[in-house]
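# Descriptive analysis of the structure
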Amino acid sequence: MSGSVLSVRDLTVRAHLDSGPRTLLDAVSLDLGRGEILGLVGESGSGKSLFCRSLVRLLPSSLLKIESGSVLLEGRDLTRIDDAEMLKVRGGEIGMIFQNPTSHLDPVMRVGDQIAEGIRYHQGLGAREARAAAVEILAQVGFPDPGRQYDSYPHEFSGGMRQRAMIGVALSCNPKILIADEPTTALDVTIQAQILRLLIDIRDRRDLSIILITHDLGIVAQTCDRIAVMRGGKLVEEGPKRTILTRPQHPYTTNLIDSHPSISGEMPAPSLEIAGASRPAAALLEVDDLHVRFRGGGSLFKGSARTISAVAGVSLKIMPGETVGIVGESGSGKSTLARAVLGLTPLSSGHVTFDGIDLAQQRSAGLAKLRRETAMVFQDPYNALNPRLTIGQMLGEVLKVQGKVAAADIPARIGELLDLVGLEREFAGRKPRSMSGGQCQRAGIARALAVEPKLIIADECVAALDVTIQAQIIELFRQLTAKMNLTLIFIAHDLAIVRNLCQRVVVMYRGEIVEEGRSDQVFARPKHAYTAALIAAIPDIDPDKPLLQGPDRRREPQSMSVKRMP
């Protein structure tokens with residue numbers, strides 16, 4: 001690293017509201033060295049994303065103004081250049097990877113064309129050369145069949161694949177500075193490690209400077225050179241990563257570090273094993289030889305479509321009050337299994353029995369029971385909430401439909417639900433577009449709790465949350481399962497959280513269960529090579545631990561023998 005490529009001095013941003021001006025960024029000063037990776041950490045609403053958007057003058061509202069300060073890119077003040085020049089800076093000199101790929105990928109444009117567009121605009125290549133370069137970038141960011149997937153649309157991919165496409169779009173412009181806003185939020189641990197190593201490799205090859213916004217201190221510890229900590233729009237602490245992680249000076253930084261989930265931390269109490277004699281004999285949820293197949297890949301001219309097995313012969317029993325973690329890479333079938341269990345995806349064959357009712361044989365009765373007694377927290381907090389409703393209206397709608405709370409008591413219950421998930425009660429009057437990703441996800445969890453369910457399926461429900469709120473939500477789930485005999489299926493790519501929350505863990509790979517058992521046993525002595533690779537890829541808060549360790553670092557290890565469906 002040599003010299004500063006970016007120097008920010010006293011950057012102040014205010015929102016001009018009817019109630020008066022409100023300071024969102026308060027005189028933030030920060031330097032980014034050439035070839036440096038700077039980790040920007042802090043809770044949701046601390047100003048991390050707003051700070052980075054201010055650098056390229058992409059403020060989320062016309063009510064927000066840069067009041068004072070300077071942003072010097074190699075000596076040129078970006079706050080003073082005209083819009084035409086700033087258009088060239090965006091992408092060409094400063095690239096951005098946004099937190100929510102669904103909102104930033106064009107839904108009616110092929111993924112490959114979106115990458116090629118930046119290559120043609122900023123590098124001046126022809127259509128054929130740009131396509132070849134885009135295919136190469138798709139391969140770099142982890143697309144298994146980039147030549148074919150170039151012509152696919154964003155809706156055809158999982159959340160993790162869409163995030164990889166977003167990373168590809170940013171890299172296509174060959175920028176000097178890359179701002180990565182939670183770039184691995186939706187990715188499983190092995191692909192997360194690949195993407196982070198890719199960013200490090202690109203930094204080394206191109207002398208690229210990177211600002212990495214993240215709530216995962218494990219990522220910061222193993223990826224970044226320096227750490228800057230923000231809270232309430234202010235920069236409270238910055239310095240070399242080892243100094244910050246081992247000798248934090250600010251109490252807020254200490255709290256962030258203490259909240260980080262550890263793979264070697266305390267295991268959940270094995271209450272189900274101890275109380276085995278009093279546990280009900282009947283499973284709340286039983287999955288027997290479940291298959292879910294989709295047709296895909298065909299066209300009018302190329303003939304019939306091939307069949308894709310998303311879930312291939314899964315059998316599973318979950319007892320009342322049990323907390324089960326389901327882990328695996330993107331595309332392993334975790335979310336498809338969850339949707340099939342809730343009746344949201346048709347079963348190709350097999351059985352799903354919830355509280356004694358078989359969905360395959362009693363579909364109407366089963367669906368009615370599922371809607372009354374189950375809830376799901378989805379992975380994408382923005383698309384899971386109705387943008388036209390306030391959070392209070394959304395929760396009130398659920399409470400009215402369920403009919404478990406008297407109409408007069410609904411406002412008070414809405415307040416209680418917001419308290420449970422760590423949102424201030426004034427959020428009842430706000431709409432999703434005015435909230436951060438973490439705040440939207442907490443609202444989604446409140447909606448699930450409003451049903452007063454027997455079973456909650458949480459699909460990556462803490463992926464978008466900072467570590468302190470993650471800890472609060474995990475503790476909340478712990479309390480709910482203990483007090484209400486709530487059954488929880490927790491789908492996640494963060495194995496440290498699964499280990500600390502769940503009594504049992506199920507590992508899925510290519511639609512099949514390859515390993516399951518008590519969490520302490522699986523994490524201490526994994527029997528399958530794939531499980532061992534997942535555990536080895538977990539980012540650790542120790543800055544001296546390599547980014548990725550384990551028996552096999554490849555995307556699809558040949559040593560992992562998994563039975564395939566004919």
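Everything numeric in this text was worked out from a predicted model, so none of it was measured. (Residues numbered from 1 in each chain as written. Predicted model: local features only at pLDDT ≥ 70, side-chain atom pairs only at ≥ 80, totals over all residues. Heavy atoms only, no water.)

## So, unusual backbone geometry
Inclusion rule: We count a stretch as a helix when DSSP gives it H or I for four or more residues in a row; a strand needs E for two or more, and each element gets its number in order from the N terminus.
Positive phi values are uncommon outside glycine, yet Glu74 reaches one of about 50 degrees. Structurally, Glu74 can be placed in the loop between strand 4 (64-73) and strand 5 (76-77). Positive phi outside glycine occurs at Asp355, with the angle close to 50 degrees. Structurally, Asp355 can be placed in the loop between strand 14 (349-354) and strand 15 (357-358).

## Looking at helix 2 (residues 83-92)
Let me state the cut-off plainly: Note on classification: 1.4 Å probe, protein chains only; a residue is buried when its accessible area is under 20% of the maximum for its type, exposed when over 50%, partly exposed between these limits. In this description, contact between two residues means that some pair of their heavy atoms is separated by no more than 4.5 Å. As used in this structure description, the phrase polar contact means that two N or O atoms lie within 3.5 Å; if the pair is within protein, one of them must be able to donate a hydrogen and the other to accept it, and residues adjacent in sequence are counted only when both atoms belong to side chains.
Buried within helix 2 we find Met86, Val89, Gly91 and Gly92. In the core, the buried residues of helix 2 are packed alongside helix 1 (48-55), strand 4, strand 5, strand 6 (94-97) and helix 4 (111-123). Near the N-terminus of helix 2, the side chain that reaches the backbone nitrogen of Ala84, with its oxygen 3.3 Å away, is that of Asp82.

## So, the packing of aromatic side chains
Short version of the rule: Working definition: rings of Phe, Tyr and Trp (its six-membered ring) pair if their centres are within 6.5 Å, and the pair is stacked with planes under 30 degrees apart, edge-to-face with planes over 60 apart, and tilted otherwise.
Under the criterion given, the structure shown has 3 aromatic pairs. Consider the rings of Phe143 and Phe157, whose centres lie 5.3 Å apart with planes at 85 degrees: the pair is edge-to-face. Pair noted here: Phe143 is in the loop between helix 5 (127-140) and helix 6 (146-149) and Phe157 is in the loop between helix 6 and helix 7 (159-171), with a separation of 14 residues, a long-range link. According to the relative accessible area criterion, Phe143 is buried, its value standing at 3%. On the numbers, 6.2 Å between centres and 75 degrees between planes, the contact of Phe477 with Phe490 is edge-to-face. A residue pair is termed long-range when its members are at least 10 positions apart, and Phe477 in helix 18 (residues 467-484) and Phe490 in strand 18 (residues 487-491) qualify at 13 residues.

## Some remarks on the packing of helix 15 (residues 391-402) against helix 16 (residues 410-420)
For the record, the criterion: What counts as an axis is a line fitted to C-alpha atoms, over the stretch in contact for a helix, and the angles between N-to-C directions run from 0 to 180 degrees. Rotating anticlockwise by less than a right angle from the far helix to the near helix defines a left-handed crossing, while the corresponding clockwise rotation defines a right-handed one.
Contact geometry for helix 15 and helix 16: axes closest at 10 Å, N-to-C directions at 115 degrees. As for how helix 15 packs across helix 16, the hand of that crossing is right-handed. Contacts between helix 15 and helix 16 involve Ile391, Gly392, Leu395, Gly396, Leu399 and Lys400 on the former and, on the latter, Ile410, Arg413, Ile414, Leu417 and Leu418.

## Examining the sheet that holds strand 6
Note the cut-off: Strand pairing follows a simple DSSP-based rule, namely that at least 2 bridges must link the two strands.
The strand order 6-7-8-3-9-10 describes an open sheet built from 6 strands, whose pairing is mixed. Edge positions in the sheet fall to strand 6 and strand 10 (234-240), since each has one partner strand and no second. With direction set aside, neighbouring strand axes in the sheet form an average angle of 15 degrees. In the sheet, strand 6 pairs with strand 7 (residues 177-181) via 4 bridges, with the strands oriented parallel.

## Points about the pattern of salt bridges
We count it as follows: Salt bridges are counted wherever a side-chain nitrogen of Lys or Arg sits within 4 Å of a carboxyl oxygen of Asp or Glu.
Taken as a whole and assessed by the stated rule, the structure comprises 28 salt bridges. Arg76 is the partner of Glu93 in a salt bridge, and the nearest nitrogen-oxygen pair spans 2.9 Å. Pair noted here: Glu93 is in the loop between helix 2 and strand 6 and Arg76 is in strand 5, with a separation of 17 residues, a long-range link. Overall, Arg76 belongs to the partly exposed group, its relative accessible area being 25%. Notably, a salt bridge pairs Lys369 with Glu373, separated by 3.1 Å at the nearest N-O pair.

## What about the nonpolar core?
Spelled out, the test is: Each nonpolar core is a collection of buried residues, namely Ala, Val, Leu, Ile, Met, Phe, Trp, Tyr and Cys, held together in the definition by side-chain atoms within 4.5 Å.
By size, the foremost hydrophobic cluster in this structure holds 80 residues, and its most contacted members are Leu6, Leu40, Phe51, Leu55 and Ile179. The dominant element in this core, judged by the number of residues it contributes, is helix 8 (residues 189-206), at 7 residues. Setting aside residues up to four positions removed in sequence, Phe51 forms contacts with Val8, Leu11, Leu25, Val28, Leu30, Leu40 and Met230. Core analysis: the second largest hydrophobic core is formed by 59 residues, Ile445, Leu486, Val514 and Ala537 among them.

## Some details on the side chain of Asp77
Within the fold, Asp77 resides in strand 5. A polar atom in the side chain of Asp77 sits 3.2 Å from the backbone nitrogen of Val71. A polar atom in the side chain of Asp77 sits 2.7 Å from the side chain of Thr79. The residues touching Asp77, leaving out its near neighbours within four places in the chain, are Ser70, Val71 and Leu72.

## Regarding the sheet that holds strand 20 (residues 512-518)
If you trace the 6 strands from one edge of the open sheet to the other, you get 16-17-18-13-19-20, paired in mixed fashion. Since the sheet does not close on itself, it has two edges, and those belong to strand 16 (374-377) and strand 20, each with one partner. Geometrically, the sheet is characterised by an average inter-axis angle of 15 degrees between neighbouring strands, direction not taken into account. Relative to strand 17 (residues 455-459), strand 16 runs parallel, the two being bridged by 4 bridges. Residue pairing in the sheet places Thr374 in a bridge with Leu455 of strand 17.

## Let's talk about the environment of Gly438
As for its placement among the helices and strands, Gly438 is situated in helix 17 (residues 437-450). Along the chain, Gly438 and Asp466 lie 28 residues apart, while their C-alpha atoms are 7.3 Å from each other.

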